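Examination of the molecular architecture
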Amino acid sequence: MGVFNQFRIWVLTICLVFQSGYGFYLPGSYPHKYGVGDELWVKVNSLTSIDTEMPFSYYSLPFCTPDGGIKDSAENLGELLMGDRIENSPYRFNMYKNETEIFLCKTDPLSAEKFNILKDRIDEMYQVNLILDNLPAIRYTKKEGFLLWWTGYPVGVKLQDVYYIFNHLKFNVLVHKYEETNVAGVMGTGDADMIPSGKTKSNVPGYMVVGFEVIPCSVTHNVDSVKNLQKYGKYPTPVKCDPNTVSMPIKEGQPIVFTYEVTFEESDIKWPSRWDAYLKMEGSKVHWFSILNSLMVITFLAGIVLVIFLRTVRRDLTRYEELDKEAQAQMNEELSGWKLVVGDVFRAPTNPSLLFGGYFGAKASPIEFPVRTNQIPREIPAQKYPSWLLVLGAGTLPFGTLFIELFFIMSSIWLGRVYYVFGFLFIVLMLLVVVCAEVSLVLTYMHLCVEDWKWWWKSFFASGSVAIYIFLYSVNYLVFDLKSLSGPVSATLYLGYSLFMVVAIMLATGTVGFLSSFWFVHYLFSSVKLD
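In the annotation of an unreviewed UniProt entry, the protein chain is listed under the name Transmembrane 9 superfamily member and assigned to Carya illinoinensis. In its Sequence similarities (unreviewed entry) section, the UniProt entry covering the protein chain states "Belongs to the nonaspanin (TM9SF) (TC 9.A.2) family."

The structure is reproduced here in structure tokens:
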């Protein structure tokens, strides 16, 4: 499953979390009651691949088209914003009616162009994504004794230089009996007045869709036997669906016959829990290790900040306040460290309009600084090491708090693995904010101690430089984890998305660092009167 489908699941997951806690729901995400025999129509989403990350329309391949033409079937604005291309399909079910050997269509003979496109999509590991009642089709496979799940199914497979297409689908729809008369009760919101249930209670039995499974098969069909067969007619011979064998090769100039079957299975899964199958994720111990690792970094930095405030700054301020005015004047002549830059510490930085809101800040009422700024800038003494080297190195500490969680997020976006542990993610986010604030504060104080009053941009990049390491991690992920990604276009698309991501991260973390440093400097120089 590609990045666009994955973002959609992220959004729906978050919505379901809010939905279960606060009675919130979105159009298209509430329970549908289907009576026995009611029609259910499957929708199709874009073809996606972890090999190229380039989505294509479902009907760009020679698949069966619905009666009445192809129509967009997005149910809400979120599906459009997530880049989904949801369209109608010819797959039709009747609620709680098991059917087998359903003839769908016979395509036109494959032209050379269609044949080559089909081969390319199989080579590039493209997946077909189907949707029923807002649930993506899920496929189960076994590997080394473990049960794995995937959303969608592959277009086909290549074996010994022969291309096979999956032209028969075996659907299994999990349903749960509709028992509640109030939708809010079904959803578990506990708010009986949130969503009206209707005028009267209906005695007609109904069901809700709580699962949608698919098994793709490659089956050889007799083209001549379907010449006079209508759509949804009964295929004349039994169809044996064996997912472990393939027998329908594609050939130029020959048509493809598509069939399907569907079974309905009553399940104990309730409607609010129907996404659990998509959101199962192991490895909570790894997430706890990530949090403990972050806490160690925070404790280390907090110790440094404590030393700065209690042993250094507080000591200097206490000594200064205990002196009389004559002694203070004499001490002013013997100032050292951060106290020497009192006349320059609030001097406007270079390119102030570019610092994350400077343009709008210039239009706002000015902030009153606790000390005056000299007209002539103070010369910064020569440093033993370049200050920017220290700033760039500071980004390793925030990166250390999130790199483990970053692996799961990247796997979710690019490898189709659903991310579910939003509680861990929130904790890591809060820890990241604390680390960014601490590391920027410490770096700012170190620069002031060596009489470097140009702290503005450095405080921003001290924490914002974590974006550099995230981008380097993205490149490492491309080389070692996305080995199947093919072609310069796919790599460029991946790096482009990664660049947008790290720029946003830099702006966010840099803002946290700058605001914490500004507060620290303002507090520091407003605590003592230096002139």
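Our next topic: the nonpolar core. Formed by 50 residues in total, the largest nonpolar core has its most connected members in Phe93, Leu130, Phe171 and Phe212. Discounting chain neighbours no more than four positions away, the residues touching Phe171 are Tyr91, Phe93, Leu130, Phe212, Glu213, Val214, Tyr260, Glu261, Val262 and Thr263. Of all hydrophobic cores here, the second largest spans 33 residues; its members include Ile291, Ile298, Leu443 and Ala467.

For the rest of this paragraph, the subject is the confidence of the model for the protein chain. When pLDDT is low, close inspection of the predicted coordinates is not appropriate. The predicted model of the protein chain averages 79 in pLDDT, with 76% of residues at 70 or higher. Element-level mean pLDDT values for the protein chain span from 43 in helix H1 (residues 3-22) up to 97 in strand S15 (residues 257-266). Within the model, the stretch residues 1-28 combines pLDDT values under 50 with 74 contacts to residues more than four positions away or in other chains. Below a pLDDT of 50 lies the segment residues 181-201, which in the model reaches 34 contacts outside its immediate sequence neighbourhood of four places, other chains included.

Below, the discussion takes up the packing of aromatic side chains. Under the definition given, this model contains 33 aromatic pairs. The interplanar angle of 75 degrees and the centroid separation of 6.1 Å between the aromatic rings of Tyr445 and Phe520 together place this pair among those described as edge-to-face. On the criterion of sequence distance, the pair formed by Tyr445 in helix H10 (residues 422-449) and Phe520 in helix H13 (residues 488-526) is long-range, its members being 75 residues apart. Among the aromatic residues, ring-to-ring pairing joins Tyr91, Phe93, Tyr96, Phe171, Tyr207, Phe212, Tyr260 and Phe264 into one connected group. The positively charged end of Arg92 is found above the aromatic ring belonging to Tyr232, 4.0 Å away from the centroid. Here Arg347 stacks its cationic end above the ring of Trp453, 5.7 Å away from the centre of that ring.

A few words on the sheet that holds strand S6 (residues 130-132). Spatially, the four strands line up as an open sheet ordered S3-S2-S6-S7, and their pairing is antiparallel. Edge positions in the sheet fall to strand S3 (87-94) and strand S7 (135-136), since each of these pairs with one other strand and no more. Where strand S2 (residues 39-44) meets S3, five bridges bridge the pair, whose relative direction is antiparallel. By the bridge assignment for S3, Leu40 is matched with Phe93.

Another point: unusual backbone geometry. Even without glycine at this site, Tyr96 takes up a positive phi of about 60 degrees. In this structure, Tyr96 sits in the loop between S3 and strand S4 (99-106). Phi at Met125 is positive, roughly 60 degrees, even though this residue is not glycine. For Met125, the position within the fold is in the loop between helix H3 (112-123) and strand S5 (127-128). We classify Met125 as partly exposed; its relative accessible area is 42%.

In terms of strand pairing, strand S8 (residues 138-143) meets strand S9 (residues 146-151) through six bridges, oriented antiparallel. Within S9, the position partnered with Tyr140 by the bridge is Trp149.

Below, the discussion takes up the UniProt feature "transmembrane region" (unreviewed entry) in the protein chain. In the numbering used here, UniProt assigns the feature "transmembrane region" (unreviewed entry) to residues 288-310, 388-414, 420-443, 455-479 and 499-525. Regarding residues 455-479, the helix share stands at 92% and the strand share at 0%, and the terminal C-alpha atoms are separated by 37 Å. Span residues 499-525 is 100% helix and 0% strand, its end C-alpha atoms 38 Å apart.

Turning next to the side chain of Asn88. Relative to the elements of secondary structure, Asn88 occurs in strand S3. The exposure class of Asn88 is buried, given its relative accessible area of 16%. Within the structure, the side chain of Asn88 is placed 2.7 Å from the backbone nitrogen of Lys71, a separation counted as a polar contact. Setting aside residues up to four positions removed in sequence, Asn88 forms contacts with Val42, Val44, Tyr59, Pro66, Gly69, Ile70, Lys71 and Ser73.

The full count for this structure, using the stated rule, is two disulfides. With a sulfur-sulfur separation of 1.8 Å, Cys64 is cross-linked through a disulfide to Cys105. For the disulfide bridge between Cys64 and Cys105, the dihedral angle about the S-S bond is near -85 degrees, and by the sign convention the bridge is left-handed. Residue Cys64 is located in the loop between S2 and helix H2 (77-81), and its partner Cys105 is located in strand S4; the two are separated by 41 residues in the primary sequence. An identical accessibility class is assigned to Cys64 and Cys105; each is buried. The residue that forms a disulfide with Cys217 is Cys241, at a sulfur-sulfur distance of 1.8 Å. Disulfide Cys217 to Cys241: torsion about the S-S bond roughly 70 degrees, handedness right-handed. Of the two residues, Cys217 is situated in strand S14 (residues 206-217) and Cys241 in the loop between S14 and S15; the sequence distance between them amounts to 24 residues. In terms of burial, Cys217 and Cys241 fall into one category: buried.

Moving on to helix H8 (residues 387-394). Turning to H8, its buried residues are Ser387, Val391 and Ala394. Down the axis of H8, the smallest arc covering the buried residues is 60 degrees, so these residues share one side. Of the surrounding secondary structure, the elements contacted by the buried residues of H8 are helix H9 (396-414), H10 and helix H11 (456-464).

Under the counting rule described, the total for this entry stands at nine salt bridges. Between Arg347 and Asp344 there is a salt bridge, with the nearest N and O atoms lying 2.7 Å from each other. Here Arg347 matches Asp344 in class, with each residue buried. One salt bridge in this structure joins Asp452 and Lys458, with 2.4 Å as the shortest N-O distance.

What follows is about a nonpolar patch on the surface. Together, Phe426, Ile427, Leu429, Met430 and Val433 make up a nonpolar patch on the protein surface, roughly 420 Å² of accessible area in all. In this fold, Ile427 is placed in helix H10. Here Ile427 falls in the partly exposed class, since its relative accessible area comes to 33%.

Reading the values: the criteria
Residues numbered from 1 in each chain as written. Predicted model: local features only at pLDDT ≥ 70, side-chain atom pairs only at ≥ 80, totals over all residues. Heavy atoms only, no water. UniProt positions renumbered as here; feature names shortened; annotations may be inferred. Core = buried A, V, L, I, M, F, W, Y, C linked by side-chain atoms within 4.5 Å. Buried < 20%, exposed > 50% of the residue type's maximum accessible area, 1.4 Å probe, protein only. Contact = heavy atoms within 4.5 Å. pLDDT = per-residue confidence, 0-100. Helix = DSSP H or I, 4+ residues; strand = E, 2+ residues; numbered from the N terminus. Phe/Tyr/Trp six-rings, centres within 6.5 Å; stacked < 30°, edge-to-face > 60°. Lys NZ or Arg CZ within 6 Å of the ring centre and 35° of its normal. Pairing = 2+ DSSP bridges. Polar contact = N/O pair within 3.5 Å; in protein donor to acceptor, adjacent residues only side chain to side chain. Disulfide = S-S within 2.5 Å. Arc of directions from axis to C-beta. Salt bridge = Lys/Arg side-chain N within 4 Å of Asp/Glu carboxyl O. Patch = residues over 30% accessible without salt bridge, like charges linked within 9 Å, V, L, I, M, F, W, Y side chains within 5 Å. Areas by Shrake-Rupley, 256 points an atom, 1.4 Å probe, with all protein chains shown as cover.

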